[in-house]
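# Descriptive structure summary
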Amino acid sequence: MTRPIPTDLPDRCWSVIGVGGERSCGELAEYIHCRNCPVFMRAGRDLMEQEPPAGYVQEWTEFLAGARLRQSARVIAAMVFRLGDEWLALDAKAIGEIAPIRPAHSIAHRTGGALVGLVNIRGQLQLQVSLHKLLHLESNEGMSRATPRLVVIQQAAQGATAGATWVFRVDEILGVQRFSSSDVGPVPVTVAQGIGRVSRGLLSMGARNVGFLDSEGLFAMLRQAVG
């Protein structure tokens, strides 16, 4: 037989005479804890079923919509690096890994252009190219205290176009930074010709202007230069 729910208990009895209060409720002998008592359960059900106050739904709708906008505002993750005197950025999704500088093995009859040679990356020989030459930038190798690195970029296969892996040397790496789409400004007409061909825009990082490279445009330029 189901025991009837007491009707003579004070409002919010669980915090007055229950486990949150003086513990004098006679129902505790059977239910041990207020969360097992039908009075507590009924109060919870009534709370969930009650009408929200005026403006509550609209307020939370606007707040959650704003949260989504704030979250999507910084959707660009890009690795920032330096070639010579130029700071550049590339979509982080195109970055395979960062590796220490290691010797490249030249390829017969393929010297003098953007192709440097073959370099060993995790036991596999990959094509190393010179973005300095490809983008017509001066290299300050040996003139900076920064540590140069090899950057491995990877292009996923798209339709009839096979994926590819390329390696290039950078003079310095700042790391992965996040930007919003509003941070991308137009490309000035004074930007070097090579960079201008593959630039998505200009990113502002304080006093530092960073050329944001288009990864697909860069891959196309690499295939054209090496193919």
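Residues numbered from 1 in each chain as written. Predicted model: local features only at pLDDT ≥ 70, side-chain atom pairs only at ≥ 80, totals over all residues. Heavy atoms only, no water.

We now examine helix H6 (residues 215-226). The α-helix winds at 3.6 residues per turn, so residues separated by three or four positions along the chain end up facing the same way. An ideal rise of 1.5 Å per residue puts 16 Å on 12 residues; H6 measures up with 16 Å between its terminal C-alpha atoms. Those residues of H6 that fall on the buried side of the exposure criterion are Ser-215, Leu-218, Phe-219, Met-221, Leu-222 and Val-226. Each buried residue of H6 lies within a common arc of 160° when the element is viewed along its axis, so the set occupies one face. (Helix = DSSP H or I, 4+ residues; strand = E, 2+ residues; numbered from the N terminus. Expected span 1.5 Å × (residues − 1). Buried < 20%, exposed > 50% of the residue type's maximum accessible area, 1.4 Å probe, protein only. Arc of directions from axis to C-beta.)

Formed by 28 residues in total, the largest nonpolar core has its most connected members in Phe-81, Leu-135, Ile-153 and Leu-222. Of all the secondary-structure elements, those providing two or more residues to this core are strand S1 (76-83), strand S2 (86-91), helix H4 (131-134), strand S6 (149-155), strand S7 (164-170) and H6. Considering every element that reaches this core, the biggest residue donor is H6, with five residues. (Core = buried A, V, L, I, M, F, W, Y, C linked by side-chain atoms within 4.5 Å.)

With that settled, the discussion passes to the pattern of salt bridges. Summed over the entire model, instances satisfying the criterion amount to three salt bridges. Across the pair Glu-172 and Arg-82 runs a salt bridge whose closest N-O atoms are separated by 3.0 Å. Of the two residues, Glu-172 is situated in strand S8 (residues 172-179) and Arg-82 in strand S1; the sequence distance between them amounts to 90 residues. For Asp-171, the salt bridge identified is with Arg-169, shortest N-O distance 2.6 Å. Judged by its relative accessible area of 3%, Asp-171 is buried. (Salt bridge = Lys/Arg side-chain N within 4 Å of Asp/Glu carboxyl O.)

For the structure on display, the rule yields one aromatic pair. Judged by centre distance (5.7 Å) and plane angle (50°), the rings of Phe-81 and Phe-168 are tilted. Of this pair, Phe-81 sits in strand S1 while Phe-168 sits in strand S7, and the two are 87 residues apart along the sequence. Exposure remark for Phe-81: the relative accessible area of 0% places this residue in the buried category. One residue, Arg-208, lies across the ring of Trp-87, its end atom 4.3 Å from the ring centre. (Phe/Tyr/Trp six-rings, centres within 6.5 Å; stacked < 30°, edge-to-face > 60°. Lys NZ or Arg CZ within 6 Å of the ring centre and 35° of its normal.)

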